Amino acid sequence: MTYDLRTLLNRAVDHAVDYRASLNEHAGRPDHSYAEMRDRLVEPVPEQGAAPLDVLEELVRRSKGGLMPITGPRFFGWVMGASHPAGVAADWLVSAWGQNAGYHTPTPAAAAMEEVAERWLLEILDLPRQSSIGFTTGATVAGAVGLAAARTRVLLDAGWDPDADGLFGAPPVHVLIGDDAHSSMFSALQLIGFGYRRLIRVATDGQGRMSVAALDAALRGLSGPKIVIAQAGQINTGAYDRFDDIIPIAHAAGAWVHVDGAFGLWARATPSLRHLTDGIEAADSWVTDGHKWLQVPYDSGFAIVRDREAHQRAMTQWASYLPTISPTDRVPSAFVPELSRRARGTPVWAMLKTLGRQGVAELVERHCALTKRMAERLGAEPGINLRNEVTINQLIVDFGAGDAATRKALTEAVIAGVQAGGVCFAGGAAWHGDWVMRISVTSGATTEADIELSADAIIAAWRAVRG
């Protein structure tokens, strides 16, 4: 089948630009549900192929009304970045180049870019420079990678090789995790064979921070291999565990410390917020996302491990047909569970080059300031209850008075009104027995005007429900 490559790709650009331009007009939920979109798309398997340009036009036409405005300036539903155009452009080239960036010698440009991006990330986040980074799909897989390295090291230290001999008959590993840890950590533990029920849950405070005293007490009664999972940026409140206290206690007990910092780790890149992460550099592994605050297109996550040897041991695979590796080579697939993989380091390199150290810091600080402004606006309205200390970019509120069921009904009604209004998008979440509206300011496109417009919309929705 013949087609003109330039015409096809230029048409894709036109559609992309048109879509981005429309986001200021419509920032609510998709017009059509999943069931409606499925009904629109379901059809028999094509017996014969179609012209690529026709397929592209049909793709755009059939997707209309079913896209969430995640890249828009007033999307606050989850902690999701806006896929900065610089990263999108680089990601398009990744797709066009078609490099399988699993190994270094077949795809030297992609592998070298990832290595440079690794060094830049360690410097901007000010983490131990000898650490290795696995470029993953996101925080869930990055968490599994970091915890797999932890599993390797703590069991090797106990005289067992989990990578060679598996977990059957291995010494039990005690995993301690805060009560308000993110669900991705439980998924990661499930993936590496630890399960999500055989854990020691550690009490947290009203903001979701792990209790130092409770952790200390839990560790005192344990022997054998141990892993402690701490948190930088609780998903609802944005709260940070007290790393200066937690990590020394954990290390004194012989535990590996893993930090879930899917978005909160980026506070470390800013002068004004860095104090929230004091002591975090002493941990053994860290997780963060590129598709959140760094605005890299989906999908992009980072598994950062101080012990490069344990990291590689937990992940490396090899076959006779693969290129040879010299001692100084950095092989991208040695740090992730993928031999076939796209060149995720390329859009990361492009975004770090576009923003620079100063741009990353300014972006994070601006979002945190915008979140505080949103809290000021909403907190000044009677009947809107602020439910967290605004530490970074996370704000949770509920609505009305009375018991939890009454406030839940009011909060759900306000959320529905806001989403239907189309000015902005915010979602709901469970928090300590209540249902709250959660507002996450993470889009690089968000301005002060967007915050004011969105606050007006939320207040209007509340007044309509109350009235």
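Residues numbered from 1 in each chain as written. Predicted model: local features only at pLDDT ≥ 70, side-chain atom pairs only at ≥ 80, totals over all residues. Heavy atoms only, no water.

J.: Which parts of the structure should I look at to understand the overall build of the chain?
T.: The secondary structure content of the chain amounts to 14 helices and 11 strands. Here the C-alpha atoms of the chain give a radius of gyration of 23 Å, agreeing with the 23 Å that 2.2 N^0.38 yields for 467 residues. A total of 467 residues make up the chain; the buried ones form 50% of that total. Sequence separation of at least 24 residues holds for 73% of the intrachain contacts in the chain that already meet a minimum separation of 6. (Helix = DSSP H or I, 4+ residues; strand = E, 2+ residues; numbered from the N terminus. Rg over C-alpha atoms; globule rule 2.2 N^0.38 Å. Buried < 20%, exposed > 50% of the residue type's maximum accessible area, 1.4 Å probe, protein only. Contact = heavy atoms within 4.5 Å.)

J.: Where do I start with the nonpolar core in this structure?
T.: Proteins that are soluble and globular tend to have nonpolar side chains buried together. Counting residues in hydrophobic clusters, the biggest one holds 48 residues, and the most contacted among them are Val259, Trp266, Leu294, Phe302, Ile304 and Val348. Listing elements by their share of this core, those giving two or more residues are α5 (108–124), β1 (132–136), α9 (212–220), β4 (226–231), α10 (243–252), β5 (256–260), β7 (301–305) and α12 (345–379). Looking at this core element by element, the count peaks at six residues for α12. Discounting residues that sit within four places of it in the chain, Val348 has contacts with Ala117, Leu121, Phe135, Leu294, Val296, Ser300 and Phe302. With 31 residues, the next largest nonpolar core counts Ala188, Phe194, Ile227 and Val287 among its residues. (Core = buried A, V, L, I, M, F, W, Y, C linked by side-chain atoms within 4.5 Å.)

J.: Would you take a moment to explain helix α6 (residues 139–157) for this structure?
T.: Each full turn of the α-helix corresponds to 3.6 residues, which orients residues three or four apart in the same direction. In this model, α6 (19 residues) spans 26 Å end to end at C-alpha, consistent with the 27 Å of a helix rising 1.5 Å per residue. Of all 19 residues making up α6, 15 are buried, and the element is well covered by its neighbours. Just downstream of α6 lies Gly159, where phi reads positive at about 90 degrees. (Expected span 1.5 Å × (residues − 1).)

J.: So what exactly am I meant to see when it comes to the packing of aromatic side chains here?
T.: The relation between two aromatic rings is expressed through the spacing of the ring centres and the mutual angle of the planes. Scanning all chains against the criterion turns up seven aromatic pairs. With centroids separated by 5.3 Å and ring planes inclined at 10 degrees, the aromatic side chains of Phe75 and Phe425 adopt a geometry described as stacked. Of the two residues, Phe75 is situated in the loop between α3 (52–63) and α4 (85–97) and Phe425 in the loop between α13 (404–421) and β10 (427–431); the sequence distance between them amounts to 350 residues. Residue classification places Phe425 among the buried residues on the basis of a relative accessible area of 4%. Among the aromatic residues, those joined into a cluster by ring pairs are Phe75, Trp78 and Phe425. In this structure, Lys408 is placed above the aromatic ring of Trp435, and the distance from its NZ or CZ to the ring centre is 5.3 Å. (Phe/Tyr/Trp six-rings, centres within 6.5 Å; stacked < 30°, edge-to-face > 60°. Lys NZ or Arg CZ within 6 Å of the ring centre and 35° of its normal.)

J.: Help me understand unusual backbone geometry in this model?
T.: A negative phi angle characterises most non-glycine residues, just as the trans form characterises most peptide bonds. Residue Asp299 is reached from Tyr298 by a cis peptide bond, and omega for that bond is 5 degrees. For Asp299, the position within the fold is in the loop between β6 (285–289) and β7. Located in the positive-phi region is Ser83, a residue other than glycine, with phi close to 50 degrees.

J.: What's the story with the pattern of salt bridges in this structure? I'm lost.
T.: Any two side chains of opposite charge can pair if their charged atoms end up close together. Enumeration according to the criterion identifies 40 salt bridges in this entry. Note that Arg407 is salt-bridged to Asp434, the shortest N-O span being 3.2 Å. Here Asp434 lies in strand β11 (residues 434–440) and Arg407 lies in helix α13, a separation of 27 residues in the sequence. Considered together, Arg407 and Asp434 belong to a single accessibility category, that of buried residues. Residues joined in a network through salt bridges with shared partners are Glu114, Glu118, Asp299, Arg308, Arg330, Glu338, Arg341 and Arg344. (Salt bridge = Lys/Arg side-chain N within 4 Å of Asp/Glu carboxyl O.)

J.: What is the right way to look at the sheet that holds β5 in this model?
T.: Strands belonging to one sheet form pairs held by backbone hydrogen bonds; the direction of such a pair is parallel or antiparallel. Taken together, the seven strands give an open sheet; going across it, the order is β1-β7-β6-β5-β4-β2-β3, and neighbouring strands pair in mixed fashion. Of all the strands in the sheet, the pair left with one neighbour each is β1 and β3 (200–202). Between one strand and the next, the sheet's axes are offset by a mean angle of 20 degrees, whatever the strand orientation. The sheet contact formed by strand β2 (residues 174–178) and β3 spans three bridges and is parallel. Across the sheet, residue Ile177 finds its bridge partner in β3, namely Arg201. In the packing of α6 onto the sheet, the strands contacted are β1, β4, β5, β6 and β7, and the crossing angle to β5 comes to about 175 degrees. (Pairing = 2+ DSSP bridges. Axes fitted to C-alpha atoms, helices over the stretch in contact; angles between N-to-C directions.)

J.: Would you mind showing me how to read the packing of α6 against helix α11 (residues 308–315) here?
T.: Where α6 meets α11, the axes come as close as 8 Å, and the angle between the chain directions of the two elements is 105 degrees. When the interaxial angle is binned, α6 and α11 end up roughly perpendicular. Contacts between α6 and α11 involve Val145, Ala148, Ala149, Thr152, Arg153 and Leu156 from the first element and Glu309, Ala310, His311, Arg313, Ala314 and Met315 from the second. The residue makeup of the contact of α6 with α11, split by class, is seven nonpolar, two polar and three charged. (Parallel < 35°, antiparallel > 145°, perpendicular 65-115°, else oblique. Nonpolar A, V, L, I, M, F, W, Y, C, P; charged D, E, K, R; others polar.)

J.: What exactly am I supposed to notice about the side chain of Asp241 here?
T.: Residue position: Asp241 is located in the loop between β4 and α10. Salt bridges are absent for the buried Asp241, whose nearest opposite-charge side chain, Arg209, sits at 6.8 Å. At a separation of 2.8 Å, a polar atom in the side chain of Asp241 contacts the main-chain amide nitrogen of Gln231. Not counting residues up to four positions away in its chain, the partners in contact with Asp241 are Gly208, Arg209, Met210, Ala230, Gln231 and Ile246. (Lys, Arg positive; Asp, Glu negative; His and termini not counted. Polar contact = N/O pair within 3.5 Å; in protein donor to acceptor, adjacent residues only side chain to side chain.)

J.: Help me understand a nonpolar patch on the surface, please; the structure alone is not making it clear to me.
T.: On the surface, a cluster of nonpolar side chains totalling about 330 Å² of accessible area is made up of Tyr3, Leu5 and Leu9. Here Tyr3 shows up in the segment before α1 (5–22). Since its relative accessible area comes to 51%, Tyr3 is described here as exposed. (Patch = residues over 30% accessible without salt bridge, like charges linked within 9 Å, V, L, I, M, F, W, Y side chains within 5 Å. Areas by Shrake-Rupley, 256 points an atom, 1.4 Å probe, with all protein chains shown as cover.)

J.: Can you help me understand the sheet that holds strand β8 (residues 384–386) in this one?
T.: The strand order across the open sheet built from four strands is β8-β9-β11-β10, with neighbouring strands paired in antiparallel fashion. Every other strand in the sheet has two partners, leaving β8 and β10 as the edge strands with one partner each. For this sheet, the mean angle separating the axes of adjacent strands, direction not counted, is 45 degrees. In terms of strand pairing, β10 meets β11 through five bridges, oriented antiparallel. Among the inter-strand pairings, Trp431 is bridged to a residue of β11, identified as Asp434. Strand contacts of α12: β8, β9 (394–399) and β11, with the helix running at about 15 degrees to β9, the strand carrying the most contacts.

J.: Before we go on, may I ask you to explain the packing of α5 against α12 in this structure?
T.: The geometry of a pair of packed helices is captured by two quantities: the angle between their axes and the separation between those axes. The N-to-C vectors of α5 and α12 enclose an angle of 30 degrees; their axes lie 9 Å apart at closest approach. One way to sum up the angle between α5 and α12 is to call them roughly parallel. Considering how the two elements wind past one another, α5 and α12 form a crossing that is left-handed. The residues of α12 that touch α5, namely those facing Met113, Glu114, Val116, Ala117, Trp120, Leu121, Glu123 and Ile124, are Gly345, Thr346, Val348, Trp349, Leu352, Lys353, Arg357 and Val360. In the contact of α5 with α12, the residues fall into 10 nonpolar, two polar and four charged. (Left-handed = near helix turned anticlockwise from the far one by under 90°.)

So, to be careful, I would describe these as geometric facts and stop short of saying anything about function.
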